[in-house]
Amino acid sequence: MAAAAISEGVVEMQEQVPTPSIDPNDGNNNSDCSWIGNLARWRPTSANLLQKAEEKILSCIKAKYESKFVSINDEDTVRTLKFHPSDQGATDKTPIVLVHGFGSGVALWALNFEELSRHRPLYAFDLLGFGRSSRPVIPREPEQAEEAFVESIEAWRSQVGIQEMILVGHSFGGYLTYSYSIRHPDRVKHLVLADPWGFPEKPPPEELQFPLWVRAIGAVAMRFNPLSSIRAAGPLGPRLIRRVRGDLNKKFKSLFEDDRISNYIYHCNAQHPSGEMAFKSMADMIGWAVNPMVPRADQLSRQVPITMIYGEHSWMDSDAGNDLKFRRPGSYVRLHLLKGAGHHVYADRSELFNQIINQVGEEVD
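Calculation rules
- Residues numbered from 1 in each chain as written.
- Predicted model: local features only at pLDDT ≥ 70, side-chain atom pairs only at ≥ 80, totals over all residues.
- Heavy atoms only, no water.
- Helix = DSSP H or I, 4+ residues; strand = E, 2+ residues; numbered from the N terminus.
- Contact = heavy atoms within 4.5 Å.
- Areas by Shrake-Rupley, 256 points an atom, 1.4 Å probe, with all protein chains shown as cover.
- Buried < 20%, exposed > 50% of the residue type's maximum accessible area, 1.4 Å probe, protein only.
- Pairing = 2+ DSSP bridges.
- Expected span 1.5 Å × (residues − 1).
- Arc of directions from axis to C-beta.
- Phe/Tyr/Trp six-rings, centres within 6.5 Å; stacked < 30°, edge-to-face > 60°.
- Axes fitted to C-alpha atoms, helices over the stretch in contact; angles between N-to-C directions.
- Parallel < 35°, antiparallel > 145°, perpendicular 65-115°, else oblique.
- Left-handed = near helix turned anticlockwise from the far one by under 90°.
- Nonpolar A, V, L, I, M, F, W, Y, C, P; charged D, E, K, R; others polar.

1. Let's talk about the overall build of the chain
Here is step 1 of the chain: Helix and strand content of the chain: 14 helices and 12 strands.
Here is step 2 of the chain: Put simply, of all contacts in the chain between residues at least 6 apart along the chain, 77% involve residues at least 24 apart.
Here is step 3 of the chain: Summing over all exposed atoms, the chain offers an accessible surface of approximately 16100 Å²; the carbon and sulfur share of this is 49%.

In structure tokens:
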């Protein structure tokens, strides 16, 4: 398709790929209740509105980038941003690749794009089933779902033509990038895990001191997709996101002071919950992984260096970082605990986060 300028410093290499806004399975097969499918038509969302929400955030980015959809097979495409380094002569350096977390998308890296693309190429993409990437049926068995995500990342890498990369994964993205690195260690020059989800083993029941009412609610909630309430709320969905996750808007106040972040989050998650359903199958009570990563730590080549970044006030268990380090003797594992940061370390302490990533880059080439 013909290239078309969409904002300053941006070239849209391919027009949007339609993303279903109505999920025909949203009410069945352990998904949302059956009546939610009828409410789908009430959801004030569409692929076009998600595109506009993304563009509104990216319009604040001064660095020049290319925007495109990368075909990874005959049917699926992966939403991709590529930033060229502002430093002359840095185009041949090992690129940084950013992989977002659950329920997120490329635009949430807005505070990181400019600084991380100064000294080397930078890529960010929407995981399969999230953001503006295709939302196919992903296997519901935990191992198969994990493999599908990992191989979609590898197919994307191959199509983009990256040989080696500094791979940065946040939350669920951290889980997937570790799994990817196990299978494709020759493609990863350095792995950065930003407040990763799914690493520690779930504590035994006697250590889970939840009140009875919490356990009762949890048992009911596990029958639904994690973000089904957003879609069930219909036209009240955007207000629900602003109310529940209005804190995300505050994290980006250095760029803008409106609600464009919560608006983007809404449109990312009011669409067909393809990736969300796959995540649910991989999660145990949401907070843990069915197949946690720490017990598999030694499956990753010890030649792959790891940097872990945790938020001081995050709900993620930073002790898992020490466990990972203990299980990888003789391997490079460095831990950072960012004071004042929560789970969204890349936004809560963006300057320090960017500094750490750039230091990693200096150690690579």
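The structure having been displayed, the exposition proceeds.
2. Concerning the pairing of strand β5 (residues 96-99)
Here is step 1 of the chain: Side chains Ile96 and Leu98 of β5 all project onto a buried face; the interleaved residues Val97 and Val99 project onto the opposite face, where all are buried too.
Here is step 2 of the chain: Relative to strand β6 (residues 122-125), β5 runs parallel, the two being bridged by four bridges. What sits directly across from Ile96, in β6, is Leu122.
Here is step 3 of the chain: For β5 and strand β7 (residues 165-170), the ladder comprises four bridges, and the chain directions are parallel. Paired with Leu98 across the bridge in β7 is Val168.

3. Quick word on helix α2 (residues 47-58)
Here is step 1 of the chain: Between its terminal C-alpha atoms α2 stretches 17 Å, which fits the 16 Å expected from 12 residues at 1.5 Å a residue.
Here is step 2 of the chain: Within the sequence span of α2, burial applies to Ala47, Leu50, Gln51, Ala53, Glu54, Ile57 and Leu58. Each buried residue of α2 sits inside an arc of 160° when the element is viewed along its axis, so together they form one side.
Here is step 3 of the chain: Where the residues of α2 are buried, they touch β3 (65-71), β4 (77-83), α3 (113-116) and α10 (260-269).

4. Side note on helix α8 (residues 237-244)
Here is step 1 of the chain: Turning to α8, its buried residues number three or more, namely Gly237, Pro238 and Ile241. With its buried residues spanning 100° around the axis, α8 presents them on a single face. Turned more than 90 degrees from where α8 packs its buried face, Arg239 and Arg243 sit exposed.
Here is step 2 of the chain: Buried residues along α8 sit against α7 (228-232) and α10.

5. Observations concerning the environment of Ile357
Here is step 1 of the chain: Structurally, the position occupied by Ile357 is in helix α14 (residues 350-364).
Here is step 2 of the chain: Residue Ile357 is classed as buried on the basis of its relative accessible area of 0%.
Here is step 3 of the chain: Separated by 165 residues in the primary sequence, Ile357 and Val192 place their C-alpha atoms 7.9 Å from one another.
Here is step 4 of the chain: Once you skip the residues sitting within four places of it in the chain, Ile357 turns out to touch Ile96, Leu116, Val168, Val192 and Ile309.

6. Some details on the packing of aromatic side chains
Here is step 1 of the chain: Summed over the entire model, instances satisfying the criterion amount to 17 aromatic pairs.
Here is step 2 of the chain: Each ring, one from Phe83 and one from Phe113, has its centre 4.5 Å from the other, and the planes form 25°; the classification is stacked. One end of the pair, Phe83, is in strand β4; the other, Phe113, is in helix α3, and 30 residues separate them in sequence.
Here is step 3 of the chain: Overall, Phe83 belongs to the buried group, its relative accessible area being 0%.
Here is step 4 of the chain: Residue classification places Phe113 among the buried positions, given a relative accessible area of 0%.
Here is step 5 of the chain: With 6.5 Å between their ring centres and 65° between their planes, Phe130 and Phe172 make a pair best called edge-to-face.

7. Remarks on the packing of α2 against α10
Here is step 1 of the chain: The interhelical angle for the contact between α2 and α10, taken along N-to-C directions, is 150°, at an axis separation of 9 Å. Considered as vectors, α2 and α10 are oriented roughly antiparallel to each other. Classified by chirality, the crossing of α10 by α2 is left-handed. In this structure, α2 contributes Leu49, Leu50, Ala53, Glu54, Lys56 and Ile57 to the contact, and α10 contributes Arg260, Ile261, Asn263, Tyr264, His267 and Cys268.
Here is step 2 of the chain: Partitioned by chemical class, the residues of the contact of α2 with α10 number seven nonpolar, two polar and three charged.

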